[in-house]
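Listed here are the chains, written in short residue letters.
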Amino acid sequence: MSLETEVAKPGDTDAFWKAHDRDWRSELWNFRVVWHEQTHDLIAREDGEIAGALRLRIAASLGHVDALYVVPAHRLRGAGRALVTRAEELSNYYNCHKVTVPVFHEHAAQAFFLACGYAVEAVIPQHTFKLDVALLRKFLL
Ligand SMILES: CC(C)(COP(=O)(O)OP(=O)(O)OC[C@H]1O[C@@H](n2cnc3c(N)ncnc32)[C@H](O)[C@@H]1OP(=O)(O)O)[C@@H](O)C(=O)NCCC(=O)NCCS
């Protein structure tokens, strides 16, 4: 038997993941469900200009903040909180009981989310870019 690995070319694994995406998640998490993910992009505008945006992913009744950025000139005027609030409303609409977000532990984003009512659920040492990551969450119910 010969076993080899290779770096796939773009698109080479599309059919494989289409066939097995649900299986690998179900086997890993021991949870046979129809896996369904959706992504929503939210925008905050100030005087018509985009002040910031948030990308929300909803999967298995949990909301995840995948990206949030308010451009520096528009900061500290409520755009970030307004985006997070909107993301929570949307998560609630899709029956999520919790929203989570990973941030750099004890830095600015953590202070922002704590001000938005989030709590630290866990701290994972040297997790992203070898930095400590705080997993923050807010229960919606
Ligand atoms: C974090 C970020 C989204 C905040 O956006 P913002 O529009 O300035 O935030 P808001 O004006 O809505 O502030 C909401 C609350 O958070 C607090 N806050 C915001 N930025 C803060 C900071 N850097 N340090 C401490 N608290 C902060 C505000 O004081 C406010 O609290 P208050 O109402 O009790 O006074 C923005 O600074 C940013 O895009 N940073 C870079 C990317 C990032 O870290 N994204 C988040 C992780 S996904």
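Below or above, wherever it landed, is the structure these notes cover. (Residues numbered from 1 in each chain as written. Predicted model: local features only at pLDDT ≥ 70, side-chain atom pairs only at ≥ 80, totals over all residues.)

## Overview of the environment of Ile124
Okay, so step 1: Take Ile124: it is sitting in strand S5 (residues 119-128).
Okay, so step 2: Note on Ile124: 13 C-beta atoms within 10 Å, which makes it partly exposed.
Okay, so step 3: With 19 residues separating them along the chain, Ile124 and His105 place their C-alpha atoms 8.8 Å apart.
Okay, so step 4: Apart from residues no more than four positions distant in its own chain, Ile124 is found in contact with Val133 and Leu135. (Helix = DSSP H or I, 4+ residues; strand = E, 2+ residues; numbered from the N terminus. Buried ≥ 20, exposed ≤ 12 C-beta atoms within 10 Å, placed from the backbone. Contact = placed C-beta atoms within 7 Å.)

## Some details on the site of the ligand
Okay, so step 1: What surrounds the ligand is a group of 18 residues, the closest being Arg75, Gly80, Arg81, Ala108 and Ala111.
Okay, so step 2: Elements with a minimum of two residues in the shell around the ligand: strand S3 (62-70), helix H2 (79-93), strand S4 (98-104) and helix H3 (108-115).
Okay, so step 3: Here the shell around the ligand takes five residues from H3, the largest share from any one element.
Okay, so step 4: Looking at the shell around the ligand residue by residue, the class counts come to 13 nonpolar, two polar and three charged. (Near = placed C-beta within 6 Å. Nonpolar A, V, L, I, M, F, W, Y, C, P; charged D, E, K, R; others polar.)

## Overview of the nonpolar core
For soluble globular proteins, nonpolar side chains are generally found buried alongside one another.
Okay, so step 1: By size, the foremost hydrophobic cluster in this structure holds 20 residues, and its most contacted members are Leu54, Val65, Leu83, Ala87 and Leu136.
Okay, so step 2: For this core, the secondary structure elements donating two or more residues are strand S2 (49-59), S3, H2, S4 and strand S6 (131-139).
Okay, so step 3: Those residues within four positions of Leu83 in sequence are excluded, and the remaining contacts are Leu42, Ala44, Gly52, Leu54 and Leu68. (Core = buried A, V, L, I, M, F, W, Y, C linked by C-beta atoms within 7 Å.)

## Some remarks on the pairing of S4
Okay, so step 1: With three bridges joining them, S3 and S4 adopt parallel strand pairing. Following the sheet pairing, His64 is matched in S4 by Thr100.
Okay, so step 2: In this fold, the crossover linking S3 to S4 by way of H2 has right-handed handedness.
Okay, so step 3: By the bridge criterion, seven bridges tie S4 to S6 in an arrangement that is antiparallel. Note on S6: the bridge partner recorded for Pro102 is Leu135. (Pairing = 2+ DSSP bridges. Right-handed = clockwise from strand over helix to strand, strands pointing away.)

## A closer look at the pairing of S5
Okay, so step 1: Where burial is concerned, little of S5 is hidden: zero out of the ten residues are buried.
Okay, so step 2: Taken together, the six bridges between S5 and S6 define a ladder with antiparallel strand orientation. Within S6, the residue paired with Ile124 across the bridge is Val133.
Okay, so step 3: Hairpin connection of S5 to S6: two residues between the antiparallel strands, including Phe129 at a positive phi of 50°.

## Details of the environment of Ala44
Okay, so step 1: With respect to the element layout, Ala44 can be found in strand S1 (residues 37-46).
Okay, so step 2: Using a count of 20 C-beta atoms within 10 Å as the deciding quantity, one classes Ala44 as buried.
Okay, so step 3: Remark: the alpha-carbon pair of Ala44 and Ala82, spanning 38 residues in sequence, is separated by 7.5 Å.
Okay, so step 4: With residues up to four places along the chain from it excluded, the contact list for Ala44 reads Ala51, Gly52, Ala79, Ala82 and Leu83.

## Digging into the sheet that holds S4
Two strands in a sheet stick together by hydrogen bonds in their backbones, pointing the same way (parallel) or opposite ways (antiparallel).
Okay, so step 1: The mixed open sheet is built from six strands, whose spatial order is S1-S2-S3-S4-S6-S5. Where the open sheet ends on each side, the last strands, each with one partner, are S1 and S5. On average, each strand axis in the sheet is inclined to that of its neighbour by 25°, with strand direction left out of account.
Okay, so step 2: Both S2 and S3 contribute to a ladder of eight bridges, which runs antiparallel. Opposite Ile58, over in S3, you have Gly63 as the bridge partner.
Okay, so step 3: In this fold H3 packs onto S4 and S6, with an angle of close to 155° to the strand it touches most, S4. (Axes fitted to C-alpha atoms, helices over the stretch in contact; angles between N-to-C directions.)

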